[in-house]
Amino acid sequence: MIESQENTSSVISPKEFSKLREYLIASASQDSGATILTPEQHKHNIQGRLAEELSRRNINFPDSIRDRLILDILAEITGYGPLQPLLDDPEITEIMVNGPQKVYVEKQGRLERTNVVFDGNLHILKIIDRIVAPLGRHIDSDSPMVDARLPDGSRVNAVVPPCAVDGASLTIRKFSKEKLSIQQVIGLNTLTQGMADFLRACVLGRLNIIISGGTGSGKTTFLNVLSGFIPNDERIVTIEDAAELQLQQDHVVRLETKLANVEGHGMVSVRELVRNSLRMRPDRIIIGECRGGEALDMLQAMNTGHDGSLTTVHANSPRDAISRLETLVLMAGMDLPIKIVRQQISSAVDVIVQMSRLRDGTRKITAITEVAGMEGDVVVLSDIFKFNQSGVDAEGKIIGQVKPTGIRPLFGPRLEAAGFKLGAEIFGATAADILAARQRR
Ligand SMILES: Nc1ncnc2c1ncn2[C@@H]1O[C@H](COP(=O)(O)OP(=O)(O)OP(=O)(O)O)[C@@H](O)[C@H]1O
Ligand SMILES: [Mg+2]
(Lines give C-alpha, C1' and ligand atoms only; values in the text may rest on other atoms or scores of the structure.)
(Ligands and ions follow the chains in the order given, each with its own letter.)
Protein backbone atom coordinates (compact mmCIF):
# COMPACT_ATOMS: atom_id res chain seq x y z
CA MET A 1 0.00 0.00 0.00
CA ILE A 2 1.20 3.47 -0.74
CA GLU A 3 1.21 5.80 2.25
CA SER A 4 -0.09 8.60 0.13
CA GLN A 5 -0.73 11.01 2.92
CA GLU A 6 2.76 11.81 4.19
CA ASN A 7 4.41 11.91 0.79
CA THR A 8 1.91 13.63 -1.41
CA SER A 9 -0.44 15.70 0.70
CA SER A 10 1.17 18.92 -0.56
CA VAL A 11 0.14 18.12 -4.12
CA ILE A 12 -2.71 15.61 -3.94
CA SER A 13 -5.23 14.73 -1.25
CA PRO A 14 -5.30 11.14 0.05
CA LYS A 15 -8.81 10.78 -1.35
CA GLU A 16 -7.73 11.92 -4.80
CA PHE A 17 -4.69 9.65 -4.59
CA SER A 18 -6.78 6.60 -3.85
CA LYS A 19 -9.20 7.52 -6.65
CA LEU A 20 -6.28 7.77 -9.04
CA ARG A 21 -5.03 4.39 -7.85
CA GLU A 22 -8.46 2.80 -8.31
CA TYR A 23 -8.77 4.29 -11.78
CA LEU A 24 -5.35 2.91 -12.79
CA ILE A 25 -6.21 -0.54 -11.40
CA ALA A 26 -9.59 -0.59 -13.15
CA SER A 27 -8.15 0.44 -16.50
CA ALA A 28 -5.18 -1.95 -16.23
CA SER A 29 -7.63 -4.79 -15.45
CA GLN A 30 -9.42 -4.03 -18.69
CA ASP A 31 -6.16 -4.11 -20.68
CA SER A 32 -6.16 -7.91 -20.45
CA GLY A 33 -9.04 -8.65 -22.76
CA ALA A 34 -8.78 -11.51 -25.19
CA THR A 35 -4.99 -11.61 -24.83
CA ILE A 36 -3.18 -11.89 -21.52
CA LEU A 37 -0.55 -9.19 -21.19
CA THR A 38 2.87 -9.84 -19.66
CA PRO A 39 3.83 -7.87 -16.52
CA GLU A 40 6.16 -5.75 -18.71
CA GLN A 41 3.33 -4.83 -21.07
CA HIS A 42 1.12 -3.96 -18.09
CA LYS A 43 3.88 -1.86 -16.58
CA HIS A 44 4.32 0.02 -19.83
CA ASN A 45 0.59 0.79 -20.04
CA ILE A 46 0.34 1.86 -16.40
CA GLN A 47 3.37 4.13 -16.74
CA GLY A 48 1.84 5.82 -19.79
CA ARG A 49 -1.55 6.25 -18.17
CA LEU A 50 -0.09 7.58 -14.93
CA ALA A 51 2.01 10.15 -16.81
CA GLU A 52 -1.10 11.26 -18.73
CA GLU A 53 -3.18 11.61 -15.56
CA LEU A 54 -0.48 13.53 -13.71
CA SER A 55 0.00 15.99 -16.51
CA ARG A 56 -3.76 16.38 -16.94
CA ARG A 57 -4.08 17.21 -13.23
CA ASN A 58 -0.91 19.23 -13.25
CA ILE A 59 0.63 17.24 -10.44
CA ASN A 60 4.14 16.01 -10.05
CA PHE A 61 5.08 12.92 -8.04
CA PRO A 62 8.63 12.21 -6.93
CA ASP A 63 10.05 9.21 -8.80
CA SER A 64 10.05 7.04 -5.66
CA ILE A 65 6.28 7.45 -5.18
CA ARG A 66 5.62 6.94 -8.87
CA ASP A 67 7.62 3.69 -8.82
CA ARG A 68 5.90 2.42 -5.69
CA LEU A 69 2.47 3.21 -7.10
CA ILE A 70 3.27 1.34 -10.31
CA LEU A 71 4.56 -1.69 -8.36
CA ASP A 72 1.46 -1.59 -6.15
CA ILE A 73 -0.86 -1.59 -9.18
CA LEU A 74 1.16 -4.30 -10.91
CA ALA A 75 0.86 -6.46 -7.78
CA GLU A 76 -2.91 -5.95 -7.87
CA ILE A 77 -3.16 -6.86 -11.52
CA THR A 78 -0.65 -9.65 -11.95
CA GLY A 79 0.49 -10.62 -8.43
CA TYR A 80 -0.94 -11.09 -4.98
CA GLY A 81 -1.85 -7.48 -4.20
CA PRO A 82 -0.66 -6.09 -0.87
CA LEU A 83 0.94 -9.46 -0.08
CA GLN A 84 3.35 -9.23 -3.00
CA PRO A 85 6.08 -7.20 -1.22
CA LEU A 86 5.88 -9.59 1.75
CA LEU A 87 6.20 -12.58 -0.57
CA ASP A 88 9.18 -10.94 -2.27
CA ASP A 89 10.99 -10.21 1.03
CA PRO A 90 13.38 -13.14 1.61
CA GLU A 91 13.61 -12.41 5.35
CA ILE A 92 9.90 -13.12 5.85
CA THR A 93 9.15 -16.80 6.43
CA GLU A 94 5.44 -16.70 7.22
CA ILE A 95 2.55 -14.32 6.41
CA MET A 96 -0.65 -14.22 8.47
CA VAL A 97 -3.68 -12.15 7.48
CA ASN A 98 -6.32 -11.76 10.21
CA GLY A 99 -8.94 -9.74 8.38
CA PRO A 100 -8.29 -6.67 6.23
CA GLN A 101 -6.59 -4.50 8.84
CA LYS A 102 -4.21 -6.92 10.54
CA VAL A 103 -1.37 -8.52 8.64
CA TYR A 104 1.42 -10.18 10.63
CA VAL A 105 4.67 -11.73 9.47
CA GLU A 106 7.34 -13.88 10.98
CA LYS A 107 10.84 -12.53 10.49
CA GLN A 108 13.89 -14.20 12.00
CA GLY A 109 11.66 -16.28 14.22
CA ARG A 110 9.70 -13.33 15.61
CA LEU A 111 6.13 -12.31 14.92
CA GLU A 112 5.53 -8.70 13.99
CA ARG A 113 2.61 -6.69 12.70
CA THR A 114 3.09 -4.94 9.35
CA ASN A 115 1.48 -1.76 8.08
CA VAL A 116 0.01 -3.66 5.12
CA VAL A 117 -3.78 -3.39 4.88
CA PHE A 118 -6.43 -4.64 2.46
CA ASP A 119 -9.30 -2.51 1.16
CA GLY A 120 -11.78 -4.90 2.80
CA ASN A 121 -12.82 -8.54 3.01
CA LEU A 122 -13.68 -8.62 -0.69
CA HIS A 123 -10.13 -7.55 -1.50
CA ILE A 124 -8.71 -10.49 0.53
CA LEU A 125 -11.20 -12.82 -1.16
CA LYS A 126 -10.03 -11.61 -4.55
CA ILE A 127 -6.42 -12.43 -3.66
CA ILE A 128 -7.37 -15.85 -2.22
CA ASP A 129 -9.27 -16.53 -5.41
CA ARG A 130 -6.23 -15.61 -7.47
CA ILE A 131 -4.25 -18.22 -5.49
CA VAL A 132 -6.77 -21.05 -5.58
CA ALA A 133 -8.50 -20.59 -8.94
CA PRO A 134 -5.54 -21.85 -11.04
CA LEU A 135 -5.67 -25.05 -8.94
CA GLY A 136 -9.32 -25.54 -9.82
CA ARG A 137 -10.46 -24.72 -6.28
CA HIS A 138 -12.96 -22.31 -5.00
CA ILE A 139 -13.73 -20.53 -1.75
CA ASP A 140 -16.98 -18.90 -0.62
CA SER A 141 -19.37 -18.94 2.33
CA ASP A 142 -20.55 -22.46 1.39
CA SER A 143 -17.05 -23.91 1.29
CA PRO A 144 -15.20 -21.47 3.51
CA MET A 145 -11.87 -23.31 3.97
CA VAL A 146 -9.22 -24.15 1.43
CA ASP A 147 -5.64 -25.44 1.32
CA ALA A 148 -3.52 -24.51 -1.64
CA ARG A 149 -0.02 -23.78 -2.79
CA LEU A 150 1.62 -20.91 -4.60
CA PRO A 151 3.50 -21.77 -7.78
CA ASP A 152 6.80 -21.58 -5.83
CA GLY A 153 5.62 -24.29 -3.39
CA SER A 154 4.61 -22.03 -0.47
CA ARG A 155 1.82 -23.54 1.61
CA VAL A 156 -1.45 -21.58 1.83
CA ASN A 157 -4.49 -21.97 4.07
CA ALA A 158 -7.52 -19.71 3.86
CA VAL A 159 -10.67 -19.49 5.98
CA VAL A 160 -13.37 -16.96 5.18
CA PRO A 161 -16.61 -15.87 6.90
CA PRO A 162 -18.85 -17.27 8.28
CA CYS A 163 -16.21 -19.59 9.76
CA ALA A 164 -13.64 -16.80 10.13
CA VAL A 165 -15.45 -14.51 12.52
CA ASP A 166 -13.33 -11.36 12.21
CA GLY A 167 -12.79 -11.38 8.46
CA ALA A 168 -11.02 -13.56 5.91
CA SER A 169 -7.93 -15.22 7.28
CA LEU A 170 -4.97 -16.33 5.23
CA THR A 171 -1.80 -18.10 6.36
CA ILE A 172 1.16 -18.56 4.05
CA ARG A 173 4.21 -20.65 5.01
CA LYS A 174 6.77 -19.48 2.53
CA PHE A 175 8.74 -22.15 0.79
CA SER A 176 12.36 -21.59 1.57
CA LYS A 177 14.30 -21.73 -1.65
CA GLU A 178 17.48 -22.21 0.26
CA LYS A 179 17.75 -25.64 1.80
CA LEU A 180 19.40 -25.46 5.23
CA SER A 181 22.50 -27.60 5.64
CA ILE A 182 23.49 -29.36 8.86
CA GLN A 183 26.26 -26.80 9.37
CA GLN A 184 23.73 -23.97 8.99
CA VAL A 185 21.37 -25.41 11.61
CA ILE A 186 24.33 -25.89 13.95
CA GLY A 187 25.15 -22.22 13.26
CA LEU A 188 21.56 -21.30 14.21
CA ASN A 189 22.15 -23.08 17.54
CA THR A 190 19.43 -25.62 16.81
CA LEU A 191 21.81 -28.41 17.81
CA THR A 192 25.47 -29.00 18.63
CA GLN A 193 28.13 -30.66 16.50
CA GLY A 194 28.08 -33.64 18.88
CA MET A 195 24.33 -34.11 18.38
CA ALA A 196 24.76 -33.80 14.62
CA ASP A 197 27.47 -36.50 14.64
CA PHE A 198 25.22 -38.72 16.71
CA LEU A 199 22.20 -38.24 14.43
CA ARG A 200 24.31 -38.80 11.33
CA ALA A 201 25.36 -42.18 12.74
CA CYS A 202 21.70 -42.94 13.56
CA VAL A 203 20.62 -42.24 9.96
CA LEU A 204 23.52 -44.15 8.41
CA GLY A 205 22.99 -46.98 10.92
CA ARG A 206 19.40 -47.25 9.63
CA LEU A 207 17.60 -46.44 12.87
CA ASN A 208 13.95 -45.42 12.65
CA ILE A 209 13.66 -41.79 13.67
CA ILE A 210 10.65 -39.67 14.54
CA ILE A 211 10.93 -35.90 14.63
CA SER A 212 8.42 -34.54 17.10
CA GLY A 213 7.43 -30.89 17.57
CA GLY A 214 4.67 -28.32 17.72
CA THR A 215 3.37 -26.25 14.78
CA GLY A 216 6.14 -24.35 13.04
CA SER A 217 8.82 -25.77 15.33
CA GLY A 218 10.99 -26.73 12.35
CA LYS A 219 10.09 -30.43 11.94
CA THR A 220 9.93 -30.45 8.14
CA THR A 221 13.08 -28.37 7.87
CA PHE A 222 14.97 -30.76 10.11
CA LEU A 223 13.56 -33.82 8.36
CA ASN A 224 15.08 -32.37 5.22
CA VAL A 225 18.42 -31.85 6.97
CA LEU A 226 18.44 -35.40 8.37
CA SER A 227 17.51 -36.85 4.98
CA GLY A 228 20.67 -35.23 3.68
CA PHE A 229 22.65 -37.93 5.57
CA ILE A 230 21.12 -40.75 3.51
CA PRO A 231 23.74 -42.21 1.15
CA ASN A 232 23.36 -41.50 -2.54
CA ASP A 233 23.10 -45.16 -3.54
CA GLU A 234 19.83 -45.78 -1.67
CA ARG A 235 16.38 -45.65 -3.23
CA ILE A 236 14.24 -43.17 -1.28
CA VAL A 237 10.44 -42.83 -1.46
CA THR A 238 8.99 -39.68 0.07
CA ILE A 239 5.30 -39.33 0.92
CA GLU A 240 3.81 -35.95 1.72
CA ASP A 241 0.56 -34.02 1.80
CA ALA A 242 2.25 -31.23 -0.08
CA ALA A 243 5.73 -31.82 -1.42
CA GLU A 244 7.99 -29.70 0.80
CA LEU A 245 11.07 -31.90 1.10
CA GLN A 246 13.99 -31.06 -1.15
CA LEU A 247 16.17 -34.15 -1.26
CA GLN A 248 19.45 -33.83 -3.09
CA GLN A 249 20.00 -37.54 -3.74
CA ASP A 250 19.65 -38.97 -7.27
CA HIS A 251 17.37 -41.88 -6.60
CA VAL A 252 14.23 -40.32 -5.12
CA VAL A 253 10.56 -40.99 -5.89
CA ARG A 254 8.30 -38.23 -4.57
CA LEU A 255 4.68 -39.10 -3.83
CA GLU A 256 2.02 -36.58 -2.89
CA THR A 257 -1.59 -37.02 -1.69
CA LYS A 258 -4.49 -36.00 -3.88
CA LEU A 259 -7.76 -34.35 -2.97
CA ALA A 260 -11.11 -35.69 -4.12
CA ASN A 261 -12.55 -34.18 -7.29
CA VAL A 262 -15.77 -32.15 -7.31
CA GLU A 263 -17.87 -35.30 -7.35
CA GLY A 264 -16.05 -36.46 -4.21
CA HIS A 265 -14.05 -39.22 -5.95
CA GLY A 266 -10.40 -39.91 -6.50
CA MET A 267 -8.90 -38.97 -3.14
CA VAL A 268 -5.52 -40.57 -2.42
CA SER A 269 -4.44 -40.48 1.24
CA VAL A 270 -1.02 -40.70 2.89
CA ARG A 271 -2.05 -44.14 4.15
CA GLU A 272 -2.68 -45.47 0.65
CA LEU A 273 0.62 -44.02 -0.53
CA VAL A 274 2.49 -45.65 2.38
CA ARG A 275 0.99 -49.02 1.48
CA ASN A 276 1.81 -48.51 -2.15
CA SER A 277 5.37 -47.46 -1.36
CA LEU A 278 6.07 -50.89 0.15
CA ARG A 279 5.67 -52.34 -3.34
CA MET A 280 8.18 -49.91 -4.78
CA ARG A 281 11.31 -51.57 -3.38
CA PRO A 282 12.27 -48.63 -1.19
CA ASP A 283 15.51 -48.57 0.80
CA ARG A 284 14.04 -45.74 2.85
CA ILE A 285 10.55 -44.40 3.33
CA ILE A 286 10.20 -40.79 4.42
CA ILE A 287 6.74 -39.66 5.46
CA GLY A 288 6.42 -35.87 5.69
CA GLU A 289 4.03 -36.04 8.63
CA CYS A 290 2.09 -38.82 10.34
CA ARG A 291 -1.30 -37.49 11.25
CA GLY A 292 -3.69 -40.40 10.79
CA GLY A 293 -4.08 -44.12 10.37
CA GLU A 294 -0.93 -44.28 8.22
CA ALA A 295 0.95 -44.45 11.54
CA LEU A 296 -0.02 -48.14 11.79
CA ASP A 297 1.23 -48.94 8.29
CA MET A 298 4.41 -47.00 8.97
CA LEU A 299 5.12 -48.88 12.22
CA GLN A 300 4.47 -52.18 10.47
CA ALA A 301 6.83 -51.20 7.68
CA MET A 302 9.48 -50.21 10.22
CA ASN A 303 9.01 -53.55 11.97
CA THR A 304 9.22 -55.59 8.80
CA GLY A 305 12.52 -54.66 7.35
CA HIS A 306 12.00 -51.11 6.12
CA ASP A 307 14.32 -49.73 8.72
CA GLY A 308 15.97 -46.36 8.45
CA SER A 309 12.61 -44.67 7.94
CA LEU A 310 11.99 -41.08 8.96
CA THR A 311 8.86 -39.13 9.76
CA THR A 312 7.46 -36.30 11.91
CA VAL A 313 4.61 -36.12 14.40
CA HIS A 314 2.93 -33.23 16.07
CA ALA A 315 3.74 -33.47 19.79
CA ASN A 316 5.26 -31.36 22.55
CA SER A 317 7.59 -33.88 24.20
CA PRO A 318 8.97 -37.35 23.43
CA ARG A 319 6.45 -38.88 25.86
CA ASP A 320 3.69 -36.95 24.15
CA ALA A 321 4.95 -38.25 20.77
CA ILE A 322 4.39 -41.81 21.99
CA SER A 323 0.81 -41.05 23.06
CA ARG A 324 0.22 -39.24 19.80
CA LEU A 325 1.41 -42.30 17.87
CA GLU A 326 -0.90 -44.49 19.98
CA THR A 327 -3.86 -42.29 19.08
CA LEU A 328 -2.90 -42.26 15.41
CA VAL A 329 -2.59 -46.05 15.31
CA LEU A 330 -6.04 -46.36 16.86
CA MET A 331 -7.32 -44.08 14.08
CA ALA A 332 -6.47 -46.88 11.64
CA GLY A 333 -9.57 -48.59 13.05
CA MET A 334 -8.02 -52.02 13.71
CA ASP A 335 -9.24 -52.17 17.32
CA LEU A 336 -5.86 -53.30 18.64
CA PRO A 337 -5.30 -53.65 22.41
CA ILE A 338 -3.26 -50.72 23.73
CA LYS A 339 -0.46 -52.98 24.95
CA ILE A 340 0.04 -54.38 21.45
CA VAL A 341 0.06 -50.87 20.03
CA ARG A 342 2.74 -49.86 22.53
CA GLN A 343 4.80 -52.94 21.71
CA GLN A 344 4.61 -52.07 18.02
CA ILE A 345 5.72 -48.51 18.74
CA SER A 346 8.56 -49.51 21.04
CA SER A 347 9.97 -52.09 18.70
CA ALA A 348 9.59 -49.88 15.61
CA VAL A 349 10.83 -46.49 16.76
CA ASP A 350 14.44 -46.13 17.87
CA VAL A 351 14.92 -42.40 18.34
CA ILE A 352 12.72 -39.35 18.92
CA VAL A 353 14.15 -35.93 18.08
CA GLN A 354 12.16 -33.26 19.90
CA MET A 355 12.03 -29.84 18.21
CA SER A 356 10.72 -26.71 19.93
CA ARG A 357 10.10 -23.15 18.95
CA LEU A 358 11.32 -21.25 22.00
CA ARG A 359 9.68 -18.05 23.15
CA ASP A 360 12.46 -15.95 21.62
CA GLY A 361 11.66 -17.44 18.19
CA THR A 362 14.67 -19.76 17.93
CA ARG A 363 14.18 -23.40 16.96
CA LYS A 364 15.99 -25.89 19.11
CA ILE A 365 16.30 -29.61 19.49
CA THR A 366 15.30 -29.85 23.13
CA ALA A 367 15.78 -33.62 23.44
CA ILE A 368 17.13 -36.62 21.59
CA THR A 369 15.51 -39.60 23.23
CA GLU A 370 15.93 -43.33 22.82
CA VAL A 371 12.88 -45.57 22.82
CA ALA A 372 14.38 -48.23 25.03
CA GLY A 373 11.71 -50.94 25.05
CA MET A 374 8.85 -51.72 27.42
CA GLU A 375 8.58 -52.09 31.16
CA GLY A 376 5.24 -53.72 31.92
CA ASP A 377 2.69 -51.67 29.99
CA VAL A 378 4.87 -48.60 29.69
CA VAL A 379 7.17 -47.55 26.85
CA VAL A 380 10.56 -46.70 28.33
CA LEU A 381 12.19 -43.50 27.12
CA SER A 382 15.69 -42.37 27.97
CA ASP A 383 17.08 -38.98 27.03
CA ILE A 384 20.51 -39.03 25.39
CA PHE A 385 20.63 -35.24 24.97
CA LYS A 386 18.50 -32.72 26.83
CA PHE A 387 18.09 -28.93 26.78
CA ASN A 388 18.17 -27.09 30.08
CA GLN A 389 17.03 -23.49 30.17
CA SER A 390 18.92 -21.47 32.75
CA GLY A 391 17.32 -18.07 32.21
CA VAL A 392 16.39 -15.26 29.84
CA ASP A 393 18.74 -12.37 29.00
CA ALA A 394 17.86 -8.65 28.88
CA GLU A 395 16.81 -8.85 25.21
CA GLY A 396 14.45 -11.74 25.86
CA LYS A 397 16.83 -14.35 24.41
CA ILE A 398 16.60 -17.71 26.11
CA ILE A 399 19.79 -18.82 27.82
CA GLY A 400 20.43 -22.53 28.09
CA GLN A 401 22.41 -25.43 26.78
CA VAL A 402 21.71 -28.80 25.28
CA LYS A 403 23.89 -31.36 26.94
CA PRO A 404 24.40 -35.08 26.76
CA THR A 405 22.82 -36.73 29.78
CA GLY A 406 25.70 -39.18 30.08
CA ILE A 407 23.42 -42.13 29.17
CA ARG A 408 24.67 -44.23 26.29
CA PRO A 409 21.92 -45.57 24.07
CA LEU A 410 21.13 -49.29 24.08
CA PHE A 411 21.40 -49.26 20.29
CA GLY A 412 25.05 -48.13 20.59
CA PRO A 413 26.36 -51.60 19.70
CA ARG A 414 24.12 -51.62 16.58
CA LEU A 415 25.76 -48.42 15.43
CA GLU A 416 29.18 -49.81 16.19
CA ALA A 417 28.39 -52.97 14.24
CA ALA A 418 27.50 -50.71 11.32
CA GLY A 419 30.91 -49.11 11.63
CA PHE A 420 30.21 -45.98 13.70
CA LYS A 421 32.50 -45.51 16.62
CA LEU A 422 30.97 -42.70 18.59
CA GLY A 423 33.55 -41.15 20.88
CA ALA A 424 32.80 -40.99 24.60
CA GLU A 425 32.92 -37.18 24.41
CA ILE A 426 29.63 -37.18 22.45
CA PHE A 427 27.81 -38.75 25.40
CA GLY A 428 29.20 -36.43 27.99
CA ALA A 429 32.33 -38.06 29.29
CA THR A 430 34.91 -35.42 30.21
CA ALA A 431 38.48 -35.45 28.88
CA ALA A 432 39.64 -36.69 32.30
CA ASP A 433 37.18 -39.65 32.15
CA ILE A 434 38.44 -40.61 28.72
CA LEU A 435 42.09 -40.40 29.83
CA ALA A 436 41.39 -42.51 32.92
CA ALA A 437 39.58 -45.13 30.79
CA ARG A 438 42.52 -45.29 28.38
CA GLN A 439 45.00 -45.71 31.21
CA ARG A 440 42.96 -48.59 32.65
CA ARG A 441 43.19 -50.46 29.31
N1 LIG B 1 16.55 -24.59 12.80
C2 LIG B 1 15.86 -23.50 12.46
N3 LIG B 1 16.27 -22.28 12.83
C4 LIG B 1 15.55 -21.19 12.48
N5 LIG B 1 14.40 -21.20 11.76
C6 LIG B 1 13.94 -22.39 11.38
C7 LIG B 1 14.63 -23.60 11.72
N8 LIG B 1 13.92 -24.64 11.22
C9 LIG B 1 12.84 -24.10 10.62
N10 LIG B 1 12.85 -22.76 10.69
C11 LIG B 1 11.82 -21.86 10.16
O12 LIG B 1 10.63 -22.12 10.88
C13 LIG B 1 9.50 -22.15 10.03
C14 LIG B 1 8.74 -23.45 10.21
O15 LIG B 1 9.54 -24.52 9.78
P16 LIG B 1 8.93 -25.93 9.34
O17 LIG B 1 8.04 -25.77 8.17
O18 LIG B 1 10.10 -26.85 9.21
O19 LIG B 1 8.09 -26.29 10.65
P20 LIG B 1 7.09 -27.51 10.92
O21 LIG B 1 7.33 -27.93 12.34
O22 LIG B 1 7.25 -28.54 9.87
O23 LIG B 1 5.68 -26.79 10.81
P24 LIG B 1 4.23 -27.44 10.56
O25 LIG B 1 3.82 -28.08 11.86
O26 LIG B 1 3.38 -26.25 10.26
O27 LIG B 1 4.37 -28.42 9.43
C28 LIG B 1 10.02 -21.97 8.62
O29 LIG B 1 9.73 -20.67 8.21
C30 LIG B 1 11.50 -22.19 8.72
O31 LIG B 1 12.23 -21.34 7.85
MG1 LIG C 1 5.88 -29.40 8.55
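What counts and how
- Residues numbered from 1 in each chain as written.
- Chains lettered and ligands numbered in written order.
- Predicted model: local features only at pLDDT ≥ 70, side-chain atom pairs only at ≥ 80, totals over all residues.
- Heavy atoms only, no water.
- Disulfide = S-S within 2.5 Å.
- Helix = DSSP H or I, 4+ residues; strand = E, 2+ residues; numbered from the N terminus.
- Contact = heavy atoms within 4.5 Å.
- Phe/Tyr/Trp six-rings, centres within 6.5 Å; stacked < 30°, edge-to-face > 60°.
- Near = heavy atom within 4 Å.
- Polar contact = N/O pair within 3.5 Å; in protein donor to acceptor, adjacent residues only side chain to side chain.
- Areas by Shrake-Rupley, 256 points an atom, 1.4 Å probe, with all protein chains shown as cover.
- Axes fitted to C-alpha atoms, helices over the stretch in contact; angles between N-to-C directions.
- Parallel < 35°, antiparallel > 145°, perpendicular 65-115°, else oblique.
- Nonpolar A, V, L, I, M, F, W, Y, C, P; charged D, E, K, R; others polar.
- Pairing = 2+ DSSP bridges.
- Domains from an automatic or database assignment.
- Core = buried A, V, L, I, M, F, W, Y, C linked by side-chain atoms within 4.5 Å.
- Buried < 20%, exposed > 50% of the residue type's maximum accessible area, 1.4 Å probe, protein only.
- Salt bridge = Lys/Arg side-chain N within 4 Å of Asp/Glu carboxyl O.
- Left-handed = near helix turned anticlockwise from the far one by under 90°.

1. A short note on the state of the cysteines
- Applying the stated rule across the entire model yields zero disulfides.
- C290 supplies the cysteine sulfur nearest to C202, a cysteine that is in no disulfide, at a spacing of 19 Å.

2. Points about the side chain of D297
- The residue D297 is located in helix 11 (residues 294-303) in this model.
- The residues contacting D297, other than those within four sequence positions of it, are R271, V274 and R275.

3. Topic: the packing of aromatic side chains
- By the definition in use, this model includes four aromatic pairs.
- Aromatic ring contacts, followed pair by pair, group F198, F385, F411 and F427 into a single cluster.

4. Some points on the site of ligand 1
- Around ligand 1, a shell composed of 15 residues is seen, among which R173, T190, K219, T220 and T221 lie nearest.
- Between an oxygen atom of ligand 1 and a side-chain N or O atom of R173, the distance comes to 2.7 Å.
- Taking R363, its side chain carries an N or O atom lying 3.2 Å from an oxygen atom of ligand 1.
- For ligand 1, whose free accessible area comes to 640 Å², the fraction covered by protein is 87%.

5. Digging into the packing of helix 4 (residues 63-78) against helix 6 (residues 121-132)
- As a packed pair, helix 4 and helix 6 sit with axes 10 Å apart at the nearest point and diverge in direction by 60 degrees. As the angle between them shows, helix 4 and helix 6 are arranged oblique. Of helix 6, the residues touching helix 4 (which contributes A75, E76, I77 and T78) are H123, K126 and R130.
- Tallied by class, the residues present in the contact of helix 4 with helix 6 amount to two nonpolar, two polar and three charged.

6. What to know about the pairing of strand 13 (residues 363-375)
- Relative to strand 13, strand 12 (residues 351-357) runs antiparallel, the two being bridged by seven bridges. Bridge pairing in strand 13 links V351 to E370.
- Linking two consecutive strands that pair antiparallel, namely strand 12 and strand 13, is a turn of five residues; a positive phi of about 95 degrees is found at G361 within it.
- When strand 13 meets strand 14 (residues 378-392), the two strands line up antiparallel, connected through seven bridges. Opposite E375, over in strand 14, you have V378 as the bridge partner.
- The hairpin formed by strand 13 and strand 14 contains two residues between the paired strands, and G376 there has a positive phi angle of roughly 65 degrees.

7. Overview of the domain arrangement of the protein
- Annotation of the protein at the domain level lists domain 1 (1-78), domain 2 (79-177) and domain 3 (182-440).
- For domain 1 and domain 3, the distance between their C-alpha centres works out to 52 Å.

8. Observations concerning the sheet that holds strand 1 (residues 92-98)
- Strand order across the open sheet formed by six strands is 3-2-1-6-5-4, with antiparallel pairing between neighbours. For this open sheet the edge positions go to strand 3 (110-113) and strand 4 (145-149), each flanked by a neighbour on one side alone. Ignoring strand direction, the axes of neighbouring strands in this sheet form an average angle of 15 degrees.
- In this sheet, strand 3 lies alongside strand 2 (residues 103-107) in antiparallel orientation, the contact comprising four bridges. Note on strand 3: the bridge partner recorded for K107 is R110.

9. Some details on the nonpolar core
- Counting residues in each nonpolar core, the largest one holds 42 residues, and the members touching the most others are L191, F198, L199, F222, L226 and I365.
- Taken together, the elements giving at least two residues each to this core come down to helix 7 (182-187), helix 8 (193-204), strand 7 (209-213), helix 9 (219-227), strand 12, strand 13, strand 14 and strand 15 (398-404).
- Ranked by residue count, the leading element in this core is helix 8, at seven residues.
- Residues in contact with F222, not counting those within four places in the same chain, are V185, L191, L199, I211, V353, M355 and I365.
- Core analysis: the next-biggest nonpolar cluster, separate from the first, contains 32 residues, V237, I239, A301 and I322 among them.

10. Here we look at the pattern of salt bridges
- Considering all chains together, one arrives at 24 salt bridges under this definition.
- For the salt bridge of D119 with R21, the shortest nitrogen-to-oxygen distance reads 4.0 Å. Here the residue D119 occupies a position in the loop between strand 3 and helix 6, and R21 occupies one in helix 2 (residues 14-31), the gap between them amounting to 98 residues.
- Since its relative accessible area comes to 56%, D119 is described here as exposed.
- The partner of K339 in a salt bridge is D377, with the nearest N and O atoms 3.5 Å apart. One end of the pair, K339, is in helix 13 (residues 338-348); the other, D377, is in the loop between strand 13 and strand 14, with 38 residues separating them in the sequence.

11. Remarks on the packing of helix 10 (residues 270-277) against helix 11
- Orientation of helix 10 relative to helix 11, taken along the N-to-C sense of each, is 20 degrees, at an axis distance of 8 Å. Considering their axes alone, helix 10 and helix 11 lie roughly parallel with respect to each other. Crossing angle aside, the handedness with which helix 10 passes helix 11 is left-handed. Residues V270, R271, V274 and R275 of helix 10 touch helix 11, and the partners they reach there are E294, L296, D297 and M298.
- Partitioned by chemical class, the residues of the contact of helix 10 with helix 11 number four nonpolar, no polar and four charged.

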